[in-house]
Amino acid sequence: VMESKANSKPMQEILNRIKEHGDVTVKCFSDDMILNKSIQDWPVVDVLITFYSKGFPFKKALEYVKLNKIFCINELTEQETLFNRHRIYQTLQQNGVPIPRYIYLNRDPRAGPVSRVEEGDDYIVIDGKRLEKPFVEKPVYSEDHNIYVYYSQAQGFGVRRLFRKVENRSSEFVPGIIRTRGADPANSTKSYIYEEFIPVDDRKDVKVYTVLPDYVYAELRKSPTVDGVVERDANGKEMREVTTLTEDERNYCSIVGRVFRQRVCGLDLLRHMGQTMVCDVNGWSFVKGDTQYYTHCSRLLRNIMLQAACRKAAPPVPAISREGEVLRQVMGIFRHGDITPKQKIRIHIHDDMPLLDFFEELNQSDYRKNHYDDEPLFIVRHNCPERFMALSGPALPDHPGSGSTCSAPSRAPPP
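Analysis parameters
- Residues numbered from 1 in each chain as written.
- Predicted model: local features only at pLDDT ≥ 70, side-chain atom pairs only at ≥ 80, totals over all residues.
- Heavy atoms only, no water.
- Pairing = 2+ DSSP bridges.
- Helix = DSSP H or I, 4+ residues; strand = E, 2+ residues; numbered from the N terminus.
- Salt bridge = Lys/Arg side-chain N within 4 Å of Asp/Glu carboxyl O.
- Buried < 20%, exposed > 50% of the residue type's maximum accessible area, 1.4 Å probe, protein only.
- Arc of directions from axis to C-beta.
- Core = buried A, V, L, I, M, F, W, Y, C linked by side-chain atoms within 4.5 Å.
- Contact = heavy atoms within 4.5 Å.

Q: Which residues make up the pairing of strand E10 (residues 169–174), and what values do they have?
A: In summary, the side chains of a regular strand alternate between the two faces of the sheet. Relative to E10, strand E9 (residues 159–166) is paired through 5 bridges, and the arrangement is antiparallel. From the neighbouring strand, Arg160 faces E10, where its bridge partner is Phe173. In this antiparallel pair of consecutive strands, E9 and E10, the connection spans 2 residues, and Glu167 shows a positive phi of 55 degrees.

Q: Mind laying out the pattern of salt bridges, listing which residues take part and the relevant values?
A: If you walk through the whole model with that rule in mind, you get 19 salt bridges. Of the charged contacts in the structure, one is a salt bridge between Arg302 and Asp23, with a shortest N-O distance of 2.6 Å. You can see Arg302 sitting in helix H8 (residues 291–313) and its partner Asp23 sitting in the loop between helix H2 (9–19) and helix H3 (31–36), a full 279 residues away along the chain. Taking relative accessible area as the criterion, Arg302 reaches 18% and is therefore assigned buried. The class for Asp23 is partly exposed, based on a relative accessible area of 37%.

Q: Lay out H2 with the relevant residues and their values.
A: Among all positions of H2, only Pro10, Met11, Ile14, Leu15, Arg17 and Ile18 are buried. The buried residues of H2 occupy an angular sector of 160 degrees when the element is viewed end-on, so they sit on one face.

Q: Would you mind going over the nonpolar core in detail, with residue names and values included?
A: Counting 30 residues, the largest nonpolar core has Tyr89, Leu92, Val208, Leu245, Val278 and Val281 as the members making the most contacts within it. Contributions of two or more residues to this core are made by helix H6 (85–94), strand E12 (204–211), strand E13 (215–222), helix H7 (247–259), strand E15 (264–272) and strand E16 (275–283). Those residues in contact with Val278, other than ones at most four positions away along the chain, are Tyr89, Leu92, Val97, Pro98, Ile99, Pro100, Tyr252, Leu267, Asp268 and Leu269. Residues Leu15, Leu300, Leu301 and Ala308 belong to the second largest nonpolar core, which totals 28 residues.

Structure follows, in C-alpha cells:
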C-alpha cells in the first residue's frame, strides 16, 4: 500500500501488535519502490497486505502477486470487482444478501448494450424498467463518491448531493427540478445505477467492519442525507455509537467477506422497519481509535499470516506415476474406539468338550436361529459353578440348550 496508508495510526496500531510476538516480520514498501521500481526488485514476502488507494498501481501489484504466488490477506483479483457497484450488487444478489431495488444504466458499449432512458418529473425508465422518486443515483465506478438523491414532487423536488466529508459537511441540497446525470444527452460514457431511496431508522446508517472468520464491529452514524452536517465531539472526531448486529446482519457480513475474498472488509447497512439491506462494500477498512478492535484484528491477522507461511513452507508432495497400474484390492483395518471395561473373567475348566462343540457349531448357517448369544457363559457356569459364583455373583438362570450338544442344563426361554 502507499506510504500514507501504511503509516496511518490505525495501520501502525495493528502492525505493531502483529510484530510484538517476534514471529512475524513486517516490511513496508516505499512509494518510490512501488511506483518506480520493477516488480522483480520488490521484496518477496509470504503474505501481502495490499489494497487500492489514490495513485496506487493496482495492475502492477497484481502482476507481482501472480509472479511470486503470494498469499494476500485481501485478494487482489476480487478487489477489481469492488470498483464496480453494479457487479457488487449482482454478487450480493447471487449470494442471498438483500439490497435495495435498483436499475442499471449502461453507457459503456464494452459492458453490453447501451441503455435507453426516459425521464419524467417523478420517475425514470431505463430499458423499460421504471423507478419512482425518491431514488438514489450512484456512479457505477465506486471510487466516484458523488452520489445524488432525487426527491419527488410531493417532497418539493430538489436534489441532495452527497460527497466525501469536507470539514463539517457531507452533502448539500439543491432545490428545483434537476434532471438526472444519466439521462443527460451530453453524457455518453458514464454509467450509473438508480436505486430506491430507503429512509433509515433513527436517520442513522450502520458502518460495519469485519475481520474473517468471525469478528464484526459496527457503529451508527448520522446519515448524510439528513442535512449534510457532520456531528463531531470535542476532539473533532465524528460522533458514532457502537451497535449490536442481529444474527442475520452478522451472517450478511460473513457472506460479504467470503464471496469477495476480503478478510478485512467494510460495508454499509441500511435498517428500515425491521429489515436490513447492504448498500455498499468498501474493501479494506478499519476502525479508527478503538483499542479493542486493534487487538482483535491484529490477533486474527497474525494467525492467518502464520498459517499461510506454514502452508508455503511445507514440502511439496512428490508426483507418483500410476501409468499402467490397476487397483486390485483395498484393505482396511479398523479398531473400535470404545474404552468401556470388557468385564472379562479367566477360569480354568477341566472339561473343554462343551466349548469345543459350541465353536464347532459356529460354522453352521442356522446358529443364530437356534442359539442364544450368551450360551458360552452358561457352559462355563455349568462346568465350574463355584469359581463362576465367586467372580460373577448370583447364579444365572438355566439356559434352554436349544438342541445343542453342549452339556448345560435347560431353562425356559424369555418371553
